[in-house]
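# Survey of secondary and tertiary structure
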Amino acid sequence: NHSYEYSAYGLGRYALNRFLRIYPTYWMALLFSALVVYFLPRDAFLTNYKLSMPLAAGDWIPNILIVGLLDGPKKVLVPPAWTLDIELFFYAAMGLGLSRNRAVVVLWFLGSSIYTLYLFLNNASFADRYVSYAAASLPFSMGAMVYMFRKPLQEYVRLPLSLAVGLFIFALFGARLEWLGDPLGLSFYIILFSVILLLVSINGLPASASGSHKSRIDTVLGNLAYPVFLCHWQVAALVLHFAYDSEKPSGGGLWLTSIVFIHLFALLIYYLVDANVDRLRSRIRGTAKLDLKILNS
């Protein structure tokens, strides 16, 4: 809605930028993971039992293409990548019209809410409410609603950022309160709602000046997010092998030891891959915005 137009030309640029955003870094993570699993199979398995080498060609194809990972192979090289399968589905659906205007987004949100309520009232398992395209429709539609109604939300939902952060943290810890029952039941949706409030509050902040301290921190965190998401299990497997002699420690020891190395590795991946790809993506996005200005004039 902001950088492209709903036409074959605009959608082509949109699809190309989505491809460049997802796949080059993913393929680097896939290669790194294959090396870890090949040389340290026991450490990889102890870190995440799904982290293993695909055997058949039918398992390799979805691991490479991402599409098909959701209901596909049991042996995967990048365990969280099934969520990218869902993300690609909604990228395509939104590009084909699901986020075209307010009316469509409202219908999408209402349909997603009714479906989620139906699952919840019928005691569906958490997997059924989380691991599917239909289940993921609710948070994607909520994000689209925040975008479409961002101006009235910022005007009427004047929630201080400190309060929004406090409610989010309280929701996370409150999920363990006995009176709320299953942390993956009602608490899950309370947390989801608190995330939306946090997002609205952040959107209402004045933009940091380019090059400012806040802007630089924001940029670095954004750059690291995707590599951290893709590579945290693999880096943890290396830490398990070299720091703990392949004996998994109890409690949060492995997480505490791994967290610095995970971010350092993410920084390396960013400068090897993302920094170069982002320059190309910026040119594509910039050209699309210029085309839109010419079209509108």
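Before going into details, it helps to say that this report is about the structure given with it. (Residues numbered from 1 in each chain as written. Predicted model: local features only at pLDDT ≥ 70, side-chain atom pairs only at ≥ 80, totals over all residues. Heavy atoms only, no water.)

Here we come to the overall build of the chain. A tally of regular secondary structure across the chain gives eleven helices and zero strands. For the chain, the α and β elements follow one another from N to C terminus as α-α-α-α-α-α-α-α-α-α-α. Relative to the 2.2 N^0.38 estimate, which gives 19 Å for 297 residues, the radius of gyration of the chain is 21 Å and therefore close to what a compact globule would have. Here the C-alpha coordinates of the chain stretch approximately 60 × 50 × 45 Å along the principal axes. Among the 297 residues that make up the chain, the fraction classed as buried is 39%. A separation threshold of at least 6 residues defines the contact pool for the chain, and within that pool the share at least 24 residues apart is 70%. Carbon and sulfur atoms form 69% of the exposed surface of the chain, whose accessible area is close to 17,300 Å². (Helix = DSSP H or I, 4+ residues; strand = E, 2+ residues; numbered from the N terminus. Rg over C-alpha atoms; globule rule 2.2 N^0.38 Å. Buried < 20%, exposed > 50% of the residue type's maximum accessible area, 1.4 Å probe, protein only. Contact = heavy atoms within 4.5 Å. Areas by Shrake-Rupley, 256 points an atom, 1.4 Å probe, with all protein chains shown as cover.)

Right, let's get into the side chain of Ser194. Structurally, the position occupied by Ser194 is in helix 9 (residues 186-203). Look at Ser194 and you get buried, because its relative accessible area is 5%. A distance of 2.6 Å separates a polar atom in the side chain of Ser194 from the backbone oxygen of Ile191. (Polar contact = N/O pair within 3.5 Å; in protein donor to acceptor, adjacent residues only side chain to side chain.)

Attention now moves to the packing of helix 6 (residues 133-148) against helix 9. Taken N-terminus to C-terminus, the directions of helix 6 and helix 9 make an angle of 25°; their axes are 11 Å apart at the nearest point. It follows that helix 6 is roughly parallel to helix 9 by the angle criterion. Judged by the twist between their axes, the crossing of helix 6 over helix 9 is right-handed. Seen from helix 6, the contacting residues are Leu138, Pro139, Met142 and Val146; seen from helix 9, they are Tyr189, Leu192, Ile196, Leu199, Val200 and Asn203. For the contact of helix 6 with helix 9, the residue count by class is nine nonpolar, one polar and no charged. (Axes fitted to C-alpha atoms, helices over the stretch in contact; angles between N-to-C directions. Parallel < 35°, antiparallel > 145°, perpendicular 65-115°, else oblique. Left-handed = near helix turned anticlockwise from the far one by under 90°. Nonpolar A, V, L, I, M, F, W, Y, C, P; charged D, E, K, R; others polar.)

Our next topic: helix 6. Spanning 16 residues, helix 6 covers 22 Å between terminal C-alpha atoms, matching the ideal 22 Å at 1.5 Å per step. Along helix 6, the helix axis deviates most sharply at Pro139, where the bend reaches about 25°. Along helix 6, the residues that are buried comprise Ala135, Ala136, Ser137, Leu138, Ser141, Met142, Ala144, Met145, Val146 and Met148. Contacts from the buried residues of helix 6 go to helix 4 (82-98), helix 5 (102-121), helix 7 (150-156) and helix 9. (Expected span 1.5 Å × (residues − 1). Bend = angle between axes of the 7 residues up to and from the residue.)

What follows is about the pattern of salt bridges. Applying the stated criterion across every chain yields a total of two salt bridges. Across the salt bridge formed by Asp274 and Arg21, the nearest N and O atoms sit 3.9 Å from each other. Of the two residues, Asp274 is situated in helix 11 (residues 253-296) and Arg21 in helix 1 (residues 8-39); the sequence distance between them amounts to 253 residues. Here Asp274 falls in the buried class, since its relative accessible area comes to 6%. For Arg21, a relative accessible area of 25% translates into the label partly exposed. Residue Arg281 is joined to Asp278 by a salt bridge in which the shortest nitrogen-to-oxygen separation is 3.5 Å. Highlighted residues: Arg281 and Asp278, both in helix 11, separated by three residues, approximately one helical turn. (Salt bridge = Lys/Arg side-chain N within 4 Å of Asp/Glu carboxyl O.)

Next up on the list: the nonpolar core. In this structure, Ile22, Tyr26, Ile66, Leu84 and Leu230 are the most contacted members of the largest nonpolar core, which totals 47 residues. Of all the secondary-structure elements, those providing two or more residues to this core are helix 1, helix 4, helix 5, helix 6, helix 10 (213-244) and helix 11. The element best represented in this core is helix 1, accounting for ten residues. When residues no more than four places from it in sequence are discounted, the contact partners of Leu230 are Thr25, Tyr26, Ala29, Val78 and Leu84. Core analysis: the next-biggest nonpolar cluster, separate from the first, contains seven residues, Val146, Tyr189, Ile196 and Val200 among them. (Core = buried A, V, L, I, M, F, W, Y, C linked by side-chain atoms within 4.5 Å.)

Using the criterion set out here, one finds 17 aromatic pairs in the structure. On the numbers, 5.8 Å between centres and 75° between planes, the contact of Trp82 with Tyr130 is edge-to-face. Taken together, the residues span a long stretch of sequence, with Trp82 in helix 4 and Tyr130 in the loop between helix 5 and helix 6 at a distance of 48 residues. A ring pair is formed by Phe120 and Tyr189, whose centres lie 5.9 Å apart and whose planes are at 85°; its orientation type is edge-to-face. Here Phe120, found in helix 5, pairs with Tyr189, found in helix 9; they are 69 residues apart in sequence, far enough to count as distant. What links up through ring pairs into an aromatic cluster is the set Trp82, Phe120, Phe126, Tyr130, Phe188 and Tyr189. The positively charged end of Arg18 is found above the aromatic ring belonging to Tyr91, 4.9 Å away from the centroid. For Arg150, the ring lying beneath its charged end belongs to Tyr147, and the centroid distance is 4.2 Å. (Phe/Tyr/Trp six-rings, centres within 6.5 Å; stacked < 30°, edge-to-face > 60°. Lys NZ or Arg CZ within 6 Å of the ring centre and 35° of its normal.)

Attention now moves to the environment of Val235. Among the secondary structure elements, Val235 is positioned in helix 10. By relative accessible area, which is 5% here, Val235 ends up buried. Taking C-alpha positions, Val235 is 31 Å from Ser194, a pair spaced 41 residues apart along the chain. Leave out the neighbours within four places in its chain, and Val235 touches Phe32, Phe261, Ile262 and Phe265.

Once that is clear, we can look at the environment of Arg283. With respect to the helices and strands, Arg283 occurs in helix 11. In this structure the C-alpha to C-alpha distance between Arg283 and Asn17, which are 266 residues apart in sequence, comes to 9.9 Å.

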